[in-house]
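These are the residues of each chain, in order.
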Amino acid sequence: MSASGLQYLLVTPAKNEEAFIELTIRSVVDQTVRPVRWLVVSDGSTDSTNEIVSRAAQQYDWIELFKMPERTTRDFGGKAHCFNTGYARIAHLPHQVIASLDADITFERDYFEFLLDKLANDPSLGIVGTPFSENGRTYDYRFSSTDHVSGACQVFRRECFASIGGYVPARGGGIDVIAVLTARLRGWHTRTFTEKISHHHRPMGSANHRRKLITSFRFGQKSYRLGYHPVWQLFRTFYQMTRKPYVIGACADTLGYFWAMLCRVERPISIELVQFQQRDQMKRLSAFFKKFAICKAAATQNGSFRARV
């Protein structure tokens, strides 16, 4: 139990994670505040993931392995199903907080204590987390909102998780986005705290150039399914041009979005949630341009002052 008095349960869906799960286990074991129970839900793993977790469970009685039947496909709907099933298995244990943790993440010793304290100090917070770094790079929060909490590690107040009905098994991904949007729609505050970061060890997408373009195209499709506003998507394109694979990747992302729009791809979220998402994005764009205009005016004024001097 933390100094705040909050206890938490931890659930990790894992499928063939032998490359990095030992690093994640080490990070959790080293925490200044450990979970009441950490349930690793093996989603039909066929590598040595189960053996690695079993060894840890023999050493620490608060770690448990639960095996799901093997699936022939790998999608984010399966991740949601694994988490919801795992949480239901341990929900009877004492806790005020439930956390979802990917199996390829590492972090500092006081990581969970830090997030528990944030929840304890603000009863309006329903979901908290931190940014994650990948290949030494962390997302630039000048171009994103700290209202969103990454799915790499989402920490829920128990009442918040109950109010959103758990994770929605969206096969195309975005279960973390849906959880955050639904929580905010229900009146909860959500927050990414940039004072700390976690480290994501499995690169998102392959090193293969063609595979990266396919990933970008699918990400654009996901953006449509999650209700992104078309104007927001276009401005995202300009930002994506600053990241590899630069212009071609940004174009693939946007093409995926508008292809999904033209095909009227089914969305896994309600119209109410789509409207909430789009209103929020337009507010953020408006705030960004207002800030940009103020900064430009200030720069112009300073330039005029220097010219007079």
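Residues numbered from 1 in each chain as written. Predicted model: local features only at pLDDT ≥ 70, side-chain atom pairs only at ≥ 80, totals over all residues. Heavy atoms only, no water.

### So, the nonpolar core
Rules: Side-chain atoms within 4.5 Å link the members of a nonpolar core, which is a set of buried Ala, Val, Leu, Ile, Met, Phe, Trp, Tyr and Cys residues. A 1.4 Å probe rolled over the protein chains alone gives each residue an accessible area, and that area as a share of the maximum for its type sets the label: buried under 20%, exposed over 50%, partly exposed in between. For the purposes of this entry, the term helix denotes a DSSP run of H or I that reaches at least four residues, the term strand denotes a run of E that reaches at least two, and both are numbered from the N terminus. The contact rule is simple, with two residues in contact once any of their heavy atoms fall within 4.5 Å.
Residues Ile98, Phe156, Phe161 and Tyr167 are the most contacted members of the largest nonpolar core, which totals 40 residues. Looking at this core, the elements that each hand over two or more residues are strand E1 (8-14), strand E2 (37-43), strand E3 (63-68), helix H3 (76-90), helix H5 (158-164), helix H6 (175-185), helix H9 (246-262) and helix H10 (271-308). Tallying contributions element by element places H6 first for this core, with 7 residues. Dropping the residues within four chain positions of it, phenylalanine 156 is found in contact with Gln96, Val97, Ile98, Gly126, Ile127, Phe161, Ile164, Tyr167 and Ala179.

### Topic: the pairing of E1
Here is the rule we go by: A pair of strands is treated as paired once DSSP finds two or more bridges between them. Here the term right-handed applies to a crossover when the path leading from its first strand over the helix to its second strand runs clockwise, the strands being oriented away from the viewer.
Within E1, 7 of the 7 residues are buried, which leaves it mostly tucked inside the rest of the structure. Burial along E1 is two-sided: Tyr8, Leu10, Thr12 and Ala14 and Leu9, Val11 and Pro13, pointing in opposite directions, are all buried. Bridging between E1 and strand E4 (residues 97-101) involves 4 bridges; their strand directions are parallel. Each bridged residue has a counterpart across the sheet, and for valine 11 the counterpart in E4 is serine 100. One crossover worth recording links E1 to the parallel E2 by way of helix H1 (residues 21-29), and it is right-handed.

### So, the packing of helix H8 (residues 230-240) against H9
Using the following cut-off: Orientation is described by axes fitted as lines to C-alpha atoms, over the contacting stretch for helices, and by angles from 0 to 180 degrees between their N-to-C directions. Each angle gets one of four labels, with under 35 degrees taken as roughly parallel, over 145 as roughly antiparallel, 65 to 115 as roughly perpendicular, and the rest as oblique. Left-handed is the label given to a crossing in which the near helix is rotated counterclockwise from the far helix by less than a right angle, and right-handed is the label when the rotation is clockwise. Here the term charged refers only to Asp, Glu, Lys and Arg, the term nonpolar to Ala, Val, Leu, Ile, Met, Phe, Trp, Tyr, Cys and Pro, and the term polar to all other amino acids, Gly among them.
Where H8 contacts H9, the two axes come as close as 8 Å, and the packing angle between them is 165°. With respect to each other, H8 and H9 are oriented roughly antiparallel. You can see that H8 and H9 cross each other, and the crossing is right-handed. Counting all contacts with H8, which are made through Pro230, Gln233, Leu234, Arg236, Thr237 and Gln240, the residues of H9 involved are Tyr246, Ala250, Asp253, Thr254, Tyr257, Phe258 and Met261. When grouped by side-chain class, the residues that make up the contact of H8 with H9 number 7 nonpolar, 4 polar and 2 charged.

### Considering H1
Along H1, the positions that sit buried rather than exposed are Ile21, Thr24, Ile25, Ser27, Val28 and Val29. Residues of H1 that are buried sit in contact with E1, E2, helix H2 (49-59), E3, E4 and strand E5 (105-106).

### Side note on the pattern of salt bridges
Under the convention used in this document: Salt bridges are defined as contacts in which a side-chain nitrogen from Lys or Arg sits within 4 Å of a carboxyl oxygen from Asp or Glu.
Evaluated as defined, the whole model comprises 10 salt bridges. We note a salt bridge from lysine 118 to glutamate 195, for which the minimum N-O separation is 3.7 Å. Taken as a pair, lysine 118 in helix H4 (residues 111-121) and glutamate 195 in the loop between strand E10 (189-192) and strand E11 (198-200) lie far apart in primary sequence, 77 residues in all. Ionic pairing is found between arginine 284 and aspartate 280, a salt bridge with its closest N-O pair at 3.3 Å. Separated by 4 residues within a single helix, arginine 284 and aspartate 280 lie in helix H10, roughly one turn from each other. By relative accessible area, arginine 284 is classed as partly exposed at 25%. The class of aspartate 280 is buried, set by a relative accessible area of 11%.

Everything listed here is a matter of geometry and, on its own, says nothing about what the molecule does.
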